[in-house]
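Report on the structure
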Amino acid sequence: KVLDEKIFDSKSPKYFQAILKDFQREGFKWMKTLHFFGNGGLLADDMGLGKTIQVIAFLSYLKEQNKLTPTIIILPKSLVDNWINEMTRFAPILTNNLYVHMGSRRYKDHRIISKYDLVLTTYHTLTRDQTILGLIDWEIVICDEAQAIKNPSTANSIVVKALKNNGRFALTGTPVENSLSDLWSIVDFVQPGLLGSLKDFKGEYEKQLENERNYMKVQQAIEKKIGNIFLRRTKSSELKKELPQKIEVPLEVAMSKEQKNHYKQIIHQVHVKEMDPLQAIQRLKMLCSHPALLNESERESSVPKLKKTIEILKDIKKKNEKVIIFTEYRSMQAILKKEIIKHFNIDAPIINGGTSSRQKIVDAFNQLQGFGVLILSPKTAGTGLTITGANHVVHAAVVGPK
C-alpha cells in the first residue's frame, strides 16, 4: 500500500505545476508520510520558505489519490486571496471545487459544504459556525498562521481542536511567540497528548527556563519528543546560497530642538507622577517618529528623521530600484505617503490592518518597473505576504536622545 500510494515518492503529483526546492520536496514527503501513518504535523519553516506551496503540493497529491474531499483550511481573512492565487498558479485543479466559507451569504447546510474538495474559512467564521462545520467529517484540517490557536483556552483553539478529521496540519513561522505554552497548544492540535497535559508540561519545562542556562537543554528535550511531527527550516540554512547578501546600515538621526523639548517635558511628567510610565513610553515612541503624532498642528514641522528618509529614497530613485518602508503608526504612514507624493509625484500604497486588498497591492508592487515605494505596518506585513519586488528596506525605528 505504501508503494501504491507513492508515500516515499519524491516526484511531484501530476496536478502540481511547479518545481519544488529540495527542502520543500522534503516537506511534501513528510506530510504524505505523516498522513499515511495517521499523524498530524507542525510545519514551522521560516516565513519566505514556502509553507503554502508545500501544502499545495500535498493537497495536489491527495487530489491525485482521490482523498481530498472535504478538506478545510482555516486562516486569517487577509490570507484568503493569497491562498487562492497560489493554488491558481501552482495547482489550478484545486480551485475547480473550492468554496470560501465567509460573508453573509455563506452556506448554512453542512451537507452542501461537505461536497467541496477544499473549504477556506477564517478562525472567526469557524467559531461562529462551529455547529455547522463541526458536523462534517473532514479529511484534513489545516491551520495557517497557527499562532491563532496558541492559547488553549480561547474559542479559536477549542473549536479547531473539536473538528472531526482524518489528519491535522498546522503552519506557522513562530511556534513560540510568548511562552512554551504556545507550542504546547499547537502541538495539542496536531498530535493531542504528545506533550502530556498543559499543567504537567509547564511543570516539567517552564520552571527550568527560570535559569537561562537551561534553555538549550529544554529545547533539545522538547524537540526530541516532537521530532517526528515537527519540521522547521530557516532561511539562513536553506537559502544561504540563493539570497543576496544582506547589508545593514544603521543610521542615527538627531531629533529636532522641538522634539527634544517635548521629550524632556514627558520625562518630567513621569518624574512628578503626572503621567503613567507606560503611557509615557508610548508617547515618546510617537514623538521620535514625528511630533504630529501627538499634536496634529505640528504636521508641517521640520523633522530630521523624515528629511533623512526622503534623502534615502532619492538615492534609491537614482538607481531606479524599489523600497519598502516599515513604520507602525498609521499617522506616520499617512505623513510618509504625503511627503512621497510631494517629492516624487508617485503614489506609495500602504498596507496596514485596515487594508482589504493586500494581495493586489503586493502583486502590483512586485510587477512595477523602476522606482517605487511601499509603506508597511510591521505587524500586518509579518503575516502571509510575499514581497519580492524591493531590494531596499527602511525600518523607521524609534529611539530616544543620547
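Residues numbered from 1 in each chain as written. Predicted model: local features only at pLDDT ≥ 70, side-chain atom pairs only at ≥ 80, totals over all residues. Heavy atoms only, no water.

**Quick look at the pairing of strand 8 (residues 322-326)**
- In terms of residue burial, strand 8 counts as a mostly covered element, since 5 of its 5 residues are buried.
- Side chains Lys322, Ile324 and Phe326 project from strand 8 onto one buried face, and the interleaved Val323 and Ile325 project onto a second face that is buried too.
- Here 5 bridges tie strand 8 to strand 10 (residues 372-376), and the two strands are oriented parallel to one another. For Phe326, the partnering residue across the bridge sits in strand 10 and is Leu376.
- Alignment of strand 8 against strand 11 (residues 392-395), held across 4 bridges, turns out to be parallel. What sits directly across from Ile325, in strand 11, is Val394. (Buried < 20%, exposed > 50% of the residue type's maximum accessible area, 1.4 Å probe, protein only. Helix = DSSP H or I, 4+ residues; strand = E, 2+ residues; numbered from the N terminus. Pairing = 2+ DSSP bridges.)

**Examining the pairing of strand 2 (residues 71-75)**
- The buried fraction of strand 2 amounts to 5 of the 5 residues, a majority that puts the element mostly inside the structure.
- The two faces of strand 2 match: Thr71, Ile73 and Leu75 on one face and Ile72 and Ile74 on the other face are all buried.
- As defined by bridge partners, strand 2 adjoins strand 5 (residues 140-144) across 4 bridges and the pair is classed as parallel. Pairing of Ile74 across the sheet is with Cys143, part of strand 5.

**A few points about unusual backbone geometry**
- Between Thr69 and the following residue, Pro70, the backbone shows a cis peptide bond with an omega angle of -20°.
- Within the fold, Pro70 resides in the loop between helix 2 (51-64) and strand 2.
- Residues other than glycine seldom take positive phi values, yet Glu145 does so here, at roughly 50°.
- Note on placement: Glu145 falls in the loop between strand 5 and helix 7 (155-162).
- Given a relative accessible area of 13%, Glu145 falls into the buried group.
- Of note, the phi angle at Lys273 is positive, near 65°, even though the residue is not glycine.

**Topic: the environment of Ser114**
- Tracing the sequence through the fold places Ser114 in the loop between helix 4 (110-113) and strand 4 (118-122).
- Ser114 sits in the partly exposed class, given a relative accessible area of 24%.
- Along the primary structure Ser114 and His262 are separated by 148 residues, whereas in three dimensions their C-alpha atoms are 60 Å apart.
- With residues up to four places along the chain from it excluded, the contact list for Ser114 reads Thr69, Pro70 and Ile136.
- For Ser114, the side chain forms a polar contact with the main-chain oxygen of Arg111, separated by 3.0 Å. (Contact = heavy atoms within 4.5 Å. Polar contact = N/O pair within 3.5 Å; in protein donor to acceptor, adjacent residues only side chain to side chain.)

**Some remarks on the packing of aromatic side chains**
- Considering all chains together, one arrives at 11 aromatic pairs under this definition.
- Both rings, one in Phe344 and one in Phe371, keep their centres 5.3 Å apart while their planes meet at 55°; by these two values the pair is tilted. Here the residue Phe344 occupies a position in helix 15 (residues 330-344), and Phe371 occupies one in the loop between helix 16 (358-367) and strand 10, the gap between them amounting to 27 residues.
- Members of the aromatic cluster, each reached through a chain of ring pairs, are Phe28, Trp30, Phe58, Tyr61 and Phe169.
- Across from the ring centre of Phe365, 5.0 Å away, lies the NZ or CZ of Lys322, which sits over that ring. (Phe/Tyr/Trp six-rings, centres within 6.5 Å; stacked < 30°, edge-to-face > 60°. Lys NZ or Arg CZ within 6 Å of the ring centre and 35° of its normal.)

**Side note on the sheet that holds strand 9 (residues 350-351)**
- Strand order in the open sheet formed by 4 strands is 9-10-8-11, and the pairing between neighbours is parallel. At either end of the open sheet lies a strand with only one pairing partner, and these are strand 9 and strand 11.
- Here strand 9 runs beside strand 10; their pairing, made up of 2 bridges, is parallel. The partner of Ile351 across the bridge, within strand 10, is Leu376.
- Relative to the sheet, helix 15 contacts strand 8, strand 9 and strand 10, its axis offset from that of strand 10 by approximately 170°. (Axes fitted to C-alpha atoms, helices over the stretch in contact; angles between N-to-C directions.)

**Focus: the side chain of Lys322**
- Among the secondary structure elements, Lys322 is positioned in strand 8.
- The buried charged residue Lys322 lacks any salt bridge, with Glu321 as its nearest oppositely charged partner at 11 Å.
- At 3.4 Å, the side chain of Lys322 and the backbone oxygen of Asn366 are in polar contact.
- In this structure the side chain of Lys322 is engaged in a polar contact, spanning 2.8 Å, whose partner is the backbone oxygen of Leu368.
- Look past the residues within four positions of Lys322 in its chain and what remains in contact with it is Ile316, Phe365, Asn366, Gln367, Leu368, Gly370, Phe371, Gly372, Gly389, Ala390, Asn391 and His392. (Lys, Arg positive; Asp, Glu negative; His and termini not counted. Salt bridge = Lys/Arg side-chain N within 4 Å of Asp/Glu carboxyl O.)

**Focus: the sheet that holds strand 7 (residues 230-231)**
- Pairing in this open sheet of 7 strands is parallel, and the strands run 3-4-2-5-6-1-7 from one edge to the other. The sheet is open, and its two borders are formed by strand 3 (98-101) and strand 7, each paired with just one other strand.
- The pairing of strand 3 with strand 4 spans 4 bridges and is classified as parallel. Residue pairing for strand 4: Val100 is matched across the bridge by Leu120.
- The strands that helix 2 touches are strand 1 (41-43), strand 2, strand 4, strand 5 and strand 6 (168-171); relative to strand 5, the one it contacts most, it runs at about 170°.

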